[in-house]
Each structure stands twice: as structure tokens, then as C-alpha cells.
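Per-entry structural report
Each chain is listed here by its residues.
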Protein chains: 2
Amino acid sequence: MTSPVRLALLGCGTVGSEVVRLLHGQAADLAARIGAPLEIAGIAVRRLGRDRGDLPVDPTLFTTDALGLIKRDDVDVVVEVVGGIEPARGWLVEALRAGKSVVTANKALLAEDGAALHDAAAEGGGDLYYEASVAGAIPLLRPLRESLHGDRINRVTGIVNGTTNFILSAMDATGAGFAEALEEATELGYAEADPTADVEGFDAAAKAAILASLAFHTRVGAADVHREGITEVTAADVASAKAMGCTIKLLCIAARGADAAGREAVSVRVHPAMIPLGHPLASVGDAFNAVFVEAEAAGPLMFYGRGAGGAPTASAVLGDVVAVSRNRLAGVRSPSESAYADLPVRPMGEALTRYHISLDVADRPGVLEAVAGVFARHDVSIATVRQGPAGGGAAGRGEDADLVIVTHVAPDAALAATVGELRGLDIVRSVASVLRVEGGL
Amino acid sequence: MTSPVRLALLGCGTVGSEVVRLLHGQAADLAARIGAPLEIAGIAVRRLGRDRGDLPVDPTLFTTDALGLIKRDDVDVVVEVVGGIEPARGWLVEALRAGKSVVTANKALLAEDGAALHDAAAEGGGDLYYEASVAGAIPLLRPLRESLHGDRINRVTGIVNGTTNFILSAMDATGAGFAEALEEATELGYAEADPTADVEGFDAAAKAAILASLAFHTRVGAADVHREGITEVTAADVASAKAMGCTIKLLCIAARGADAAGREAVSVRVHPAMIPLGHPLASVGDAFNAVFVEAEAAGPLMFYGRGAGGAPTASAVLGDVVAVSRNRLAGVRSPSESAYADLPVRPMGEALTRYHISLDVADRPGVLEAVAGVFARHDVSIATVRQGPAGGGAAGRGEDADLVIVTHVAPDAALAATVGELRGLDIVRSVASVLRVEGGL
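Note that the structure is predicted; figures quoted are calculated from it, not measured. (Residues numbered from 1 in each chain as written. Chains lettered and ligands numbered in written order. Predicted model: local features only at pLDDT ≥ 70, side-chain atom pairs only at ≥ 80, totals over all residues. Heavy atoms only, no water.)

Observations concerning the relation of the copies chain A and chain B
With an RMSD of 0.0 Å, chain A superimposes on chain B once it is rotated by 180° and translated 0.0 Å along the axis. Both copies are brought into coincidence by an operation consistent with a two-fold rotation axis. Judged by C-alpha distance, A:Phe303 is the residue of chain A that lies nearest the rotation axis, at 2.4 Å. Of the residues that chain A buries at the interface, 100% are likewise interface residues in chain B, meaning the two copies contact each other through the same surface. (Least-squares fit on C-alpha atoms with pLDDT ≥ 70 in both. Contact = heavy atoms within 4.5 Å.)

See the structure below:
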């Protein structure tokens, strides 16, 4: 049989140890699929001597010298499941420049400085694969970077963060507020002790950048992504969404469209939004992920599955390991980064969005006229208005009324300015809820 | 710029003309993605002079000599969208042996004699791609043949025929019978004048064979697939399903499991089945397709989109054209057929299934005991029994009762024999409905 393909594994936490288990348990199948056995050359960890349970691996393979391991001549493929910017960036750039192939799950690094990795891969001639970096086990990046290359992708809308989807699903199911739902998620292990990266949308924004880069053949980084988390979503927002036949999801949205000057551009954003219950993304519950892709010829497509967890992420990592190993044996590399379109990324203010606005207003004649005037001044067209006694289903609040307005599509800056001006009207007692609306309605 | 990659297009019907339109409309993007322009060398059609509307192509490219076109030295890639076994098989074998790359949407040929094509590709050293052959635009085969190669697929359950899904969705929505729903589908263009290939499950069976081959690294042909169509599905069956909180879908199912001798084997089948409304496949309506994949490490995955139509199919064809063109420019080929596992395909009788059986029985003591005895004799375990007055919601039928039984999983042969014996019991007035059950319940 052909001599083995040798892997350096960087990191041996939840994902890394699943990678080790799969390499061991499926060794014969992997060898048959690749045409050569896979062998672990070494495993870089932060500290030796930690109890790793019954991990089926020779304990002498562990080392704290990641860079030394990467530089070894007998290492063909480097698998990185450590995460974070440094030292991962230094390691991977080193590996790629030396001509090794790299498989990584590191979305933060790809979004922060994917260019450094792609450039190093081009220099060294190895492969850079990162299927596990977005939506865990769901085969998503390969379809985007290969299957849909005969088509034109117009929009990608995804639920790509399991923690926030769990929290929002819980708020929707029980009527709980954000803090209470977060507490439940933490207890059940769906949220980390410091949930900032998830609930503030940083994790989803990194994934949005990766998806947008692939969908639009354009380098998009984390800094290009408009980001809003879910910490401000209230039980009242969830109730408003329900009343409209909608649910609230944290969406990442990458869309093609013309900028203010009429040139083709893209906008990339992460924020909570209402989507109608009939939309395929609405029924994606718990910690599941799903990505909805709209392409010119293919029409709507959806990819659904587990977005995180040791085994699902390891599945994606190993799929990439098989691909890059085959390439090495065949002496070829896969198509490198495709960034030829180089479209401008436009600011959030120019992104076309729709708002659902719920106002608590004085119940007297002329209110709707005044409110409508504000929308008109900002050139925002209203789709629907619903007016009713204050407090919805709860007890009335005397002389107030609820006014629920859904707009047509308009530049986000115009919508935000409209809301700002509404807050200043004295007939508007309060702006009870402002949410963007996606996916029809 | 690099010299062009030259295509021979075989067939210029619904799909072929969309391929021509996309090649024209996206020429610049395709060239940038491939690294060389695509050029049509010729288009083989059955007869010249047919009005092809405003197809953006030089009319002198049309020819009736497909074989002559394929053999031309200046043809690099052959795209076949004619369908059927012959003459397509002869053409593609000729092209592959000559070292050309082939992109085909021909599921019938792949299921009938995929081996001939794979062998010819191995001989000639070109690529054989066929993403469009299953589930139209949905990127499905590439994920199966690449992304999930680090994992172990246990089961693939799909809705892969749009015509039958449209018909069953209509029956579910309106309570119509099969004939009436088929008529509507024909009027709306969802069913062909001769709907046999769709409604008898031949089309789905071909796709099931392709999916099973890829999922299990085993050659599976159309003859290995147990096939039942939807012509026998009645309005009463649909009502029974509804009463159980289910809907009826024509499913293709490829499952791994042990055969009677305990050896690892696969079973591949196409038949209508009840699935619970909560299952992700239950909400796949109209002519949409979706495929649900269960893998060891990745867990459940679903792929959803348009399964047919000119533009969606052309999108999948062009994605493949980009891939094989890149390979030709790089002087490489993609991994060839993976059939190393070579698992036995077991007969339908050994497949493990569950039945939902609705009986019209005499309403007297001892009936359930007699019925339960039949199940016990065939070693079939009962999951639930529901007994009620005859006729369900309709007017009672005097001395009869309805008996609805859902079994646990058992070999299909044992379940079929159980139903056969039930039909012979004199206390059983009639077997009102027999349906297999999939996806929990």
C-alpha cells in the first residue's frame, strides 16, 4: 500500500479528540477512500499530562511544541482546531508556506485575516480547506465554492449560531426574556460561561464574512460585516413577531445589489430579524443551523444540520482531510481562493431592509397622519398599518393606542432615521419594538 | 488568456437551451472562475431547422451527427442532456474512452449501467460528473462524494421526484384521489403526458440507485432497488395518515444494516410511506425535492431545493462543467468512482420497515386477540393499537369496528405475510389501508 499521509493535529479539545476517535474508528474506510492510510504524526496541546480518558492514541504523540511539529518533514497535513487569531495564524501561515495542506475550523481567523492564509497557500502550493468553520457538519462551503460555480448567487440567509438559535427558540416557546433564556442555555451547556462571542453576534459575523467571500467571489472580512447581537431582543419583541405570524431569528445575510452609485455591490450583516413562520428557516429550532441560498438559475436551496459539537465538527474536518490527502497523493491542489469579482462592500446604511415598528401612541385623531408624514419625509414606503387599543391582549392603558407598521424595502439608514424621528414625536409615547423583517411577509 | 475549453452539447431541449443561455449570459464569470473561456464546439440535436426562439447561439453549431461531434479533436467536454439509455450510452462511452470529460444529467443511464461509464472514464482518464442527475439544482452528490467522506453514512431518505410530490401534496391538501390529483398535475405541467416513469417510481428508483452507490461506496443499480409507485395510494390512505399526524410521501430510502446472516449490507427502496408532520421532509411541498442524510458523526443533515426544471438543472450541469474544465486546465481528474465497500444489497423482504395497518373488523369480543395472534405468529411486534367505531368520522357501519395498528420495525416479508394472513381472517371485513411508516412516529 502507498505510504501514509501524516497529520499534525493542533488542539485536542472537544473537536480534536473527536477527530482522533474518528481517525481511529474509521481507519480502514478512510484509507480506502484516500488510497493511503492516515497517520497522526503528532498532537500539539497546551499542556501535557492532562487526563484524556480513553482516547485511542499513543500518548507519546502529544507535544507542546506546535511550531516544531508543523515544521517536521514527515508532516503532510496540518489540522487546526485550536481557534483564535494567534498563535493559530502564525502556525498556519508557516505550514502553508512550507507547502503543507491545512484543514482548519477557525472561523475567527479566516474572517479576520483570510487573505494571509490564502496568500500563504498560494505561495506554498498546498490546499487550504475550512468546511468546519461555518455551520459545523453541514456541507456548505464545498457546494458554494464548487457546485454553484455555474450559477449566480444573489443572496445567502443563514442561521449559523446554535447558541443564539437555542435562546431565541426558547424565548419563542416560553415567552421568557433574554436573560432567563440565556441562563437556561448556559445550564444546558448550549452557552459558554462568557457568551459574548455568541450573543453579540461576533461568531455569526465571522461566518457571514466567510459565506459572503465564497458566494460573491470577493474578499469580505469581519470588519465588513454589520453586526448586532440578540441581547436587546425582548419578550415584547417576540410577542410582536408572533402577532405577525413570525418568529425572531439571528440571521446572517449576504446580499448582492446595486450601491448608491448604481454599481454592483454586496452587503453583509448579522442581526435579529422577524421571519414568517412559513419560511424554511423559521422551523429551524434548538441549536440547529441552516443556510438558505438564492441563486439565479438554481432558485432557492436550503442546507440544514448540526452547526456545532465535537462529532459534527470533526465530520467536516475529516471530510476535508480526505480531500486534501487525495490531492497530495495525486500531486494536485484544489482551486484556490476565488476573489476575482472584487465587489465593493457597502455600509449598513445602504443595505435594503424592511422594518416592523410597534408604537405606543396617543389615541386621538391625526396621529396616523403625523406618523405617516415622518415615513414620507424619509422616503420610506409603508406596507401595512395595524391600529388597535393599547396593550394588545393585556389590559388597556386608557388613552393610548398601539400602532404597528411594517414598511416596504428601503435603505437601512432611512429606516433608522425614521425611527429616530418617531421617538421625538410627542404623540408617540414610546417605541415598543423595532425589528427588521426578512423572508417575505 | 488561456485557450478556451470547448464543449459538445448533446441535446437542446428544456435543459440544453438553459445551458446555452447560462453559458452566454454568464460567460465572463464562468471564464474568471475556470481561468479560461468556455466555448460551444457544437450542439447535437435530433433534427435541424427547428425554431429555437431567441437562443443566443450561432445556428451553424447545430448538427445531427452526435458521434461525429463527440469525436472531434477540438472537443474537451461532452455535456449530455438527452436522457434515456441508447444512444446516450454509446455516445458517452465513446467520449470517455477518448479521454474527454463528461457531464451528464442522465439518471436512467447511470442507474442502468453506471459501471460502463465509470469504467470508460477510468480507461480514458477524464472526469465523469452527474450532479444534475439527482435532485436537480440541489448540490447533493458532491457533498456525498466529497464532504462526507470522513464520516459514515447510515441512511439516506429522499423526496426526489417532483411530480409525485406535487400529486401527494395535492391529495393531502384537498382530499382528492390519485386520478384527480394526477389530472391537475398534468394540466399544470407538473406531469408528463405519459406519467409512468414518475408515478410508478422508476425515476425515483434510478436516483435511489445513484444515491446509494455514493453513500455506501458500493455499485447499486436500478435492478437492485425495490420499487412501488403511488398509483395505489387512495384518499382513504391520506385520511389515515392525517389521523395519525402524518403525511404520505414517495420516499427513496437507502439504508445500511445487517442482513439475515449478520453481514453488513444495504437496502434500497422506493415506496410511498407515512411520515410524521414534525419530520423535516413532511413540509417539503409542491414539486420541491429534499434529501435527508443521517451520518454517524455529522448527525442529521437535509438538502432542499428545486428538483427539476430547465434552469435549476442547467445550474447543476454548469457547476459540473466549471469543475471538469478546471481539472482539464490543471491536467488532473477528480477522484473516480468509489466502490471499495462492495456491500451486498439485500432483498426487500429483509429490509426493516414498519407498517401502519387499518382494518375494518367485526365488532365483537376476541377480535383483537385473534388479530394480535397473527402478528405474534409472524414475530411482528405491535407498537400501538387504536380501536373505534367503524367509519371513523363518517356514519357508523353497524356491527363493524375500525382497528388501526402500527407495528415496530420488522423484516418487510414478515409484515407482508402478516397482512396476507389478516386478509384471510373472517373477522376482518377488509384491510382498509396498508402503509409503511418512516421517520419515527
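Looking at the packing of helix α2 (residues 27–34) of chain B against helix α12 (residues 310–330) of chain B
All names here are of chain B. At a closest axis distance of 9 Å, the pairing of α2 and α12 adopts a crossing angle of 40°. As far as their axial angle goes, α12 and α2 are oblique. Once α2 is placed against α12, the crossing between them reads as right-handed. Residues Leu-30, Arg-33 and Ile-34 of α2 pack against Leu-318, Val-322, Ser-325, Arg-326 and Leu-329 of α12. Taken together, the residues of the contact of α2 with α12 break down into 5 nonpolar, 1 polar and 2 charged. (Axes fitted to C-alpha atoms, helices over the stretch in contact; angles between N-to-C directions. Helix = DSSP H or I, 4+ residues; strand = E, 2+ residues; numbered from the N terminus. Parallel < 35°, antiparallel > 145°, perpendicular 65-115°, else oblique. Left-handed = near helix turned anticlockwise from the far one by under 90°. Nonpolar A, V, L, I, M, F, W, Y, C, P; charged D, E, K, R; others polar.)

Observations regarding the UniProt feature "binding site: NADPH" (unreviewed entry) in chain A
In the numbering adopted here, UniProt assigns the feature "binding site: NADPH" (unreviewed entry) to A:Lys107. Along the chain, A:Lys107 turns up in helix α5 (residues 107–124). (UniProt positions renumbered as here; feature names shortened; annotations may be inferred.)

Quick notes on the layout of surface pockets
Residue and element names in this part refer to chain A. Roughly 1,400 Å³ of volume is contained in the second largest pocket. If you list the elements that add at least two residues to the lining of the second largest pocket, you get α1 (14–25), α5, α7 (162–174), α9 (196–199), α10 (202–216), β11 (288–295) and α12 (310–330). Per element, the largest residue contribution to the lining of the second largest pocket is 5 residues, and it comes from α10. For the lining of the second largest pocket, the per-class residue count stands at 21 nonpolar, 17 polar and 11 charged. A domain split of the lining of the second largest pocket shows at least three residues from each of domain 1 (5–139 + 310–330) and domain 2 (141–306). (1 Å grid on protein atoms, 1.4 Å probe; cavity = no way out; pocket = protein on both sides within 12 Å on 5 of 7 lines; lining within 4 Å. Points joined across faces, edges and corners; volume = space filled by probe spheres on them. Domains from an automatic or database assignment.)

Considering the sheet that holds strand β4 (residues 77–80) of chain B
Strands sit in the order β3-β2-β1-β4-β5-β6 (chain B) across an open sheet of 6 strands; the sheet is parallel. Among the strands making up the open sheet, the edge pair consists of β3 (62–63) and β6 (128–129) of chain B. (Pairing = 2+ DSSP bridges.)

So, the UniProt feature "active site" (unreviewed entry) in chain A
Residue and element names in this part refer to chain A. Sequence positions flagged by UniProt for "active site" (unreviewed entry) are, in local numbering, Lys-207. Within the secondary structure layout, Lys-207 lies in helix α10. Setting aside its immediate chain neighbours within four residues, Lys-207 contacts Lys-107, Ser-133, Val-134 and Val-160. A distance of 2.8 Å separates the side chain of Lys-207 from the backbone oxygen of Val-160, its partner in a polar contact. (Polar contact = N/O pair within 3.5 Å; in protein donor to acceptor, adjacent residues only side chain to side chain.)

Observations regarding the sheet that holds strand β4 (residues 77–80) of chain A
All names here are of chain A. Taken in spatial order, the 6 strands of this open sheet run β3-β2-β1-β4-β5-β6, and their pairing is parallel. Looking at strand neighbours, the two that pair on one side only are β3 (62–63) and β6 (128–129), the edges of this open sheet. Contacting β1 (5–10), β2 (38–44), β4, β5 (101–104) and β6, α12 runs over the sheet at an angle of about 170° to β5.

Some points on the domain arrangement of chain A
By convention, interface size is frequently given as the accessible area that disappears when the constituent parts associate. Along its sequence, chain A is organised into domain 1 (5–139 + 310–330), domain 2 (141–306) and domain 3 (351–437). In this structure, domain 1 of chain A and domain 3 of chain A have C-alpha centres spaced 52 Å apart.

Things to note about the side chain of A:Ser358
All names here are of chain A. Inspection of the secondary structure assignment puts Ser-358 in strand β13 (residues 352–362). A residue is classified by how much of its surface remains accessible, and Ser-358, at 9% relative accessible area, is buried. When near neighbours in sequence (up to four residues on either side) are disregarded, Ser-358 contacts Ser-240, Leu-403, Val-404, Ser-430, Val-431, Ala-432 and Ser-433. (Buried < 20%, exposed > 50% of the residue type's maximum accessible area, 1.4 Å probe, protein only.)

A word on unusual backbone geometry
Residue A:Pro87 follows A:Glu86 across a cis peptide bond; omega there is 5°. Along the chain, A:Pro87 falls in the loop between β4 and α4 (88–97). A positive phi angle, near 60°, is found at A:Asp379, a position not held by glycine. Along the chain, A:Asp379 turns up in the loop between α13 (367–377) and β14 (382–389). In this structure, B:His217 takes a positive phi of about 50° despite not being glycine. Here B:His217 shows up in the loop between α10 (202–216) and β8 (226–227). Relative accessible area serves as the criterion here: at 4%, B:His217 is assigned to the buried category.

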